[in-house]
Amino acid sequence: MSYSNYYAASGLFHGSMSSVMGTQFDILMVGSDPRLLGMVWEKVESEVRRLDRMLNRFDPESEVSFVNREAGHYPVTVGEELWGILNDCKRYNELTEGYFDITLQGFGQVLLTEEDKGIFFFSESLHIDLGGYGKGYALAKIRELLEENRIDKALVNFGNSSVLAVGTHPCGEYWPVGLDNPFTKERIVDLKLRDSSLSISGNMPSHPRHIVNPHTGAFVDDKKMVAVVSEDPIVSEILTTAFMIAGDERVPVIASQFDIYEKHVYKL
């Protein structure tokens, strides 16, 4: 289900989808041309739904689901876009010392062959999960759409956990985003986003055991929240997962491999 409206008094266009990529999606765009903003919204909505259909492992018709069903039996040839994503994930796996791992079991059990753009699992029980990558990738694609259509002020939000800020708030020098402790509801920090992306990961009262350490196979039980701000929404997305799992001594080492603006690790 989707919704959109243009508020002429404030020059704001709001578009929303109630359930996509496993969460709520919202976009605010600033501008004086409602027809242009409506057209951009249609493109954004179409792109997000397209990516969801490709990357959602719970959708039996998705390309990722097909890979998960078949790649443990024989090499599966994937499309150009998914091939690029898989290689991206392999590179990030290496840069994060294996803490970001779309297999949750060890990327060494995946064989990628350039000649036929094929993927093969050495274990039939293996599967890939792009939940810790997909929203960042979607934000990167949305930013391209906004730039192509010269939208220079916008805020894009996947479920308050993956956020893209384009330009500034119409009444200020940044987009203000506050982070609250999910257990106490107290404000932890107020962030000022401008031409940057924010990703948040953590254990919540409703989801206390949903992040798996790929090195041990155990759930991360720490009452902890991580926030990363960078220019690249994919980097923000994958690092929050890696920082949730990695020990305190490894976080700065991993962070040094990336160009990020801010990182915050909170013990709740």
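None of the values given here were measured: they were computed from a predicted structure.

Definitions and limits used
Counting of residues starts from 1 at the beginning of each chain's written sequence and follows it residue by residue. Local features in this predicted model are restricted to residues of pLDDT 70 or higher, and side-chain atom pairs are both shown and tallied only at a pLDDT of 80 or more, whereas totals for entire chains, interfaces and linings draw on every residue. As a rule here, side-chain values cover all heavy atoms of the structure and leave hydrogens and water aside. Helix numbers and strand numbers start at the N terminus; a helix is a DSSP run of H or I with at least 4 residues, a strand a run of E with at least 2. Helices are assigned an expected span. That span is 1.5 Å times one less than the residue count. Between two residues, a contact is recorded if the distance between any of their heavy atoms is within 4.5 Å. A pair of strands is labelled paired if DSSP reports no fewer than 2 bridges between them. Working convention: axes come from line fits to C-alpha atoms, limited for helices to the stretch in contact. Angles between N-to-C directions cover 0 to 180 degrees. These descriptions rest on fixed angle ranges, namely under 35 degrees for roughly parallel, over 145 for roughly antiparallel, 65 to 115 for roughly perpendicular, and the rest for oblique. Definitions for this section: a left-handed crossing has its near helix turned counterclockwise from the far helix by less than a right angle. A right-handed crossing has that turn clockwise. Under the grouping applied here, Gly and all other residues not named as nonpolar or charged are polar, the nonpolar ones being Ala, Val, Leu, Ile, Met, Phe, Trp, Tyr, Cys and Pro and the charged ones Asp, Glu, Lys and Arg. By the criterion applied in these results, polar contacts are pairs of N or O atoms within 3.5 Å in which, for protein atoms, one can donate a hydrogen and the other can accept it, and in which residues neighboring in sequence qualify only through two side-chain atoms.

A. Here's a closer look at helix 3 (residues 80-95). Over its 16 residues, helix 3 runs 23 Å from end to end, which matches the ideal 22 Å to within 8%, given 1.5 Å per residue. Contact partners of the buried residues in helix 3: helix 1 (34-55), helix 2 (63-70), strand 5 (110-113), strand 6 (118-121), helix 4 (134-148) and helix 5 (233-245). Positive phi appears at Glu-97, one or two residues downstream of helix 3, with a value of about 60°.

B. Expanded view of the sheet that holds strand 4 (residues 76-77). Judged by pairing direction, the sheet is antiparallel, and its 3 strands sit side by side in the order 4-6-5 without closing on themselves. Unpaired on one side and paired on the other, strand 4 and strand 5 mark the two borders of the sheet. For strand 4 and strand 6, the ladder comprises 2 bridges, and the chain directions are antiparallel. By the bridge assignment, Thr-77 is partnered in strand 6 with Gly-118. Helix 3 contacts strand 5 and strand 6 of the sheet and is inclined by roughly 130° relative to strand 5.

C. How the structure looks around the packing of helix 1 against helix 4. Look at helix 1 against helix 4: their axes get within 10 Å of each other, and the N-to-C directions meet at 150°. Here helix 1 is positioned roughly antiparallel relative to helix 4, judged by the angle of their axes. With respect to the hand of their crossing, helix 1 and helix 4 are arranged in right-handed fashion. In this structure, helix 1 uses Val-40, Lys-43, Val-44, Glu-47, Val-48, Arg-50, Leu-51 and Leu-55 to contact helix 4, whose residues at the interface are Gly-134, Tyr-137, Ala-138, Lys-141, Ile-142, Leu-145 and Leu-146. Looking at the contact of helix 1 with helix 4, its residues break down into 10 nonpolar, 1 polar and 4 charged.

D. Broad picture of the side chain of Asn-203. Assignment of secondary structure puts Asn-203 in the loop between strand 11 (196-202) and strand 12 (224-230). Among the polar contacts listed, one links the side chain of Asn-203 to the backbone oxygen of Asp-222, at a separation of 2.7 Å. Leave out the neighbours within four places in its chain, and Asn-203 touches Pro-182, Phe-183, Pro-208, Arg-209, His-210, Ile-211, Val-220, Asp-221, Asp-222, Lys-224, Met-244 and Leu-268.

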